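Next come the chains, spelled out residue by residue.
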Amino acid sequence: MTLPSWLGEHWRQLSARLQRNELPHALLICGDAGLGKRALASALAKAALCDSRLGDGHACGICRACQLLSAGSHPDHVPIEFEPRDDGKLRSEITVEQIRKLSQRLSLSTQYGGLQVVIIDPADKMNTSAANALLKTLEEPSASTVILLVSDRPARLPATIRSRCQRIELRNPEPGLARGWLEAQGVTVETAEAALACALGNPGEALNAINSNAMGLRDECAKDLLGLRTARISALTVAEAWAGDRPAQRLWHAAVIARDEALHLANGKPGRLGLTGAKEIPKLAAWFAAANRSRELLDTQLRSELVMLDLLHTWQMPRRP
Ligand SMILES: [Zn+2]
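Presented here is a report on the structure given in the accompanying data block. (Residues numbered from 1 in each chain as written. Predicted model: local features only at pLDDT ≥ 70, side-chain atom pairs only at ≥ 80, totals over all residues. Heavy atoms only, no water.)

Let's shift gears to the packing of aromatic side chains. Under the definition given, this model contains two aromatic pairs. Seen in terms of ring centroids, W6 and W181 are 5.3 Å apart; in terms of plane orientation they differ by 80 degrees. Their pairing is edge-to-face. Taken as a pair, W6 in the segment before α1 (8-19) and W181 in helix α7 (residues 175-184) lie far apart in primary sequence, 175 residues in all. Residue class for W6 comes out buried when judged on its relative accessible area of 11%. With 4.8 Å between their ring centres and 55 degrees between their planes, W287 and W315 make a pair best called tilted. Here W315 lies in helix α14 (residues 304-316) and W287 lies in helix α13 (residues 281-297), a separation of 28 residues in the sequence. Assigned by exposure class, W287 and W315 land together as buried. Above the ring of W315, the side-chain terminus of R229 is found at 4.9 Å from the ring centroid. (Phe/Tyr/Trp six-rings, centres within 6.5 Å; stacked < 30°, edge-to-face > 60°. Helix = DSSP H or I, 4+ residues; strand = E, 2+ residues; numbered from the N terminus. Buried < 20%, exposed > 50% of the residue type's maximum accessible area, 1.4 Å probe, protein only. Lys NZ or Arg CZ within 6 Å of the ring centre and 35° of its normal.)

This is the structure:
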């Protein structure tokens, strides 16, 4: 199994601890989406259950345990994820029943005499009762159990749970590593650069942006912002268009575009959106924050058009300091 290069150091440390039989009872693997949390948790679970690990610490992929695992029937591998409801649709939370079943299962000894490995993903989607039930399990650690909690938003987990886990935090890699990884996926250097700028340096999100044609959407948003600044279109027209089609993504792009514009001006280059000079940078910083706040407001009862219009007015009208 190949993990992205920026996970190399995390992997070396984790696999060395596994080799010494010193993995902690619970690990919280967290960081933004797109950085490889799931790949890391999955590689660790496979390695922990494999009967003959390779020299680099990864699972062999061919022993009986590996075969059972890849068939989804290893008795000591316990994935906890969203389960389907009665109508077949996936739930959007992890329930207390799931965690109770998990506790019962963990109270039995392991079937193969090795470790029992649990992956709770996304851990921050446990509801309150589920989190309380898990806390009991975390308070009574068993030597043969490793619980991996995977989360994009660890702050949403109760502090009592976080404090009982060792935390592994994934961060954006060096730009060179991120670019190299994208190129290895068949992305050209220019597209990789543009997509990484669009995704604030997060390689997985950059690849998503390319695959979902988000780059086109970003160009559209930049065009609208330029049109507003030069009064070629009205804020109302743009607000309606943005509210009607992928509003959250557009606001994300709008924020990133402002950030890029500020970086551009800070480097003494001319602005690309009708802005001139470094004096605009504080406004762009304010806009970055405002676009992100507006994105959060989309989840509330407020009408998207109004949220957009409020924000776009501040872009349209030059504000005097
Ligand atoms: Zn194996």
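Past the structure itself, the notes keep going.
Here we come to the coordination of the zinc ion. When a metal holds four donors in a tetrahedron, each ideal angle between them is 109.5 degrees; when it holds six in an octahedron, the ideal angles are 90 or 180 degrees. With distances of 2.3 Å, the protein atoms coordinating the zinc ion are C50 (SG), C60 (SG), C63 (SG) and C66 (SG). Read in sequence order, the donor residues coordinating the zinc ion give the pattern C-x9-C-x2-C-x2-C. Judged by relative accessible area, C60 falls into the buried class, the value being 18%. Relative accessible area serves as the criterion here: at 12%, C63 is assigned to the buried category. (Donors = N, O, S within 2.8 Å, 3.2 Å for Na, K, Ca; no water.)

What follows covers the sheet that holds strand β2 (residues 77-80). A sheet is described by the order of its strands in space; here five strands give the open sequence β2-β3-β4-β1-β5, paired in parallel fashion. Looking at strand neighbours, the two that pair on one side only are β2 and β5 (166-169), the edges of this open sheet. Taking each pair of neighbouring strands and ignoring which way they run, the sheet shows an average axis angle of 15 degrees. Contacting β1 (26-30), β2, β3 (116-120), β4 (145-151) and β5, helix α2 (residues 37-49) crosses the sheet at an angle of about 170 degrees to β4. (Pairing = 2+ DSSP bridges. Axes fitted to C-alpha atoms, helices over the stretch in contact; angles between N-to-C directions. Contact = heavy atoms within 4.5 Å.)

Let's shift gears to the pattern of salt bridges. Considering all chains together, one arrives at 16 salt bridges under this definition. In this structure, R250 and D245 form a salt bridge, with 2.7 Å as the shortest nitrogen-oxygen distance. Since its relative accessible area comes to 3%, R250 is described here as buried. Connected through salt bridges with shared partners, the residues K37, R38, D121 and D152 form a single ionic network. (Salt bridge = Lys/Arg side-chain N within 4 Å of Asp/Glu carboxyl O.)

Of note, the bond from D121 into P122 is cis; its omega dihedral lies within 30 degrees of zero at 0 degrees. With respect to the secondary-structure elements, P122 resides in the loop between β3 and α5 (128-139). The residue A231 is not glycine, and still its phi comes out positive at about 60 degrees. Relative to the helices and strands, A231 resides in the loop between α10 (214-229) and α11 (235-244). Despite not being glycine, R246 shows a phi value in the positive range, around 45 degrees. For R246, the location among the structural elements is in the loop between α11 and α12 (247-266). Residue classification places R246 among the partly exposed positions, given a relative accessible area of 36%.

Among the nonpolar cores identified, the biggest contains 28 residues, and L225, W242, W287, L312 and W315 are the most heavily contacted of them. Within the residue set of this core, elements represented by two or more residues are α10, α11, α12, α13 and α14. Of the residues forming this core, the biggest block, seven residues, is contributed by α12. In contact with L312, not counting residues within four places along its chain, are L225, L228, A235, V238, A239, W242 and W287. Judged by nonpolar contacts, the second largest core, of 27 residues, contains L40, I119, V150 and I168. (Core = buried A, V, L, I, M, F, W, Y, C linked by side-chain atoms within 4.5 Å.)

Among the secondary structure elements, R17 is positioned in helix α1. Looking at R17, the relative accessible area reads 21%, which means it is partly exposed. A sequence separation of 142 residues divides R17 from A159, and the C-alpha atoms of the two residues are 25 Å apart. With sequence-adjacent residues up to four places away left out, R17 is seen in contact with E22, L23, P24 and Q166.

Here α13 spans 24 Å end to end across 17 residues, near enough to the 24 Å set by a 1.5 Å rise per residue. All buried positions along α13 are accounted for by L284, W287, A290, A291, N292 and S294. Tucked inside the fold, the buried residues of α13 contact α10, α12 and α14. (Expected span 1.5 Å × (residues − 1).)

So, about the pairing of β1. Across the five residues of β1, five count as buried, placing the element largely inside the fold. Every second residue of β1 is oriented toward a common face, with A26, L28 and C30 on one face and L27 and I29 on the other, all of them buried. One ladder, built from five bridges, connects β1 with β4; its direction is parallel. Counted as the bridge partner of L27 is L148 from β4. Here β1 runs beside β5; their pairing, made up of four bridges, is parallel. Its bridge partner being in β5, L28 is matched across the sheet by R167.

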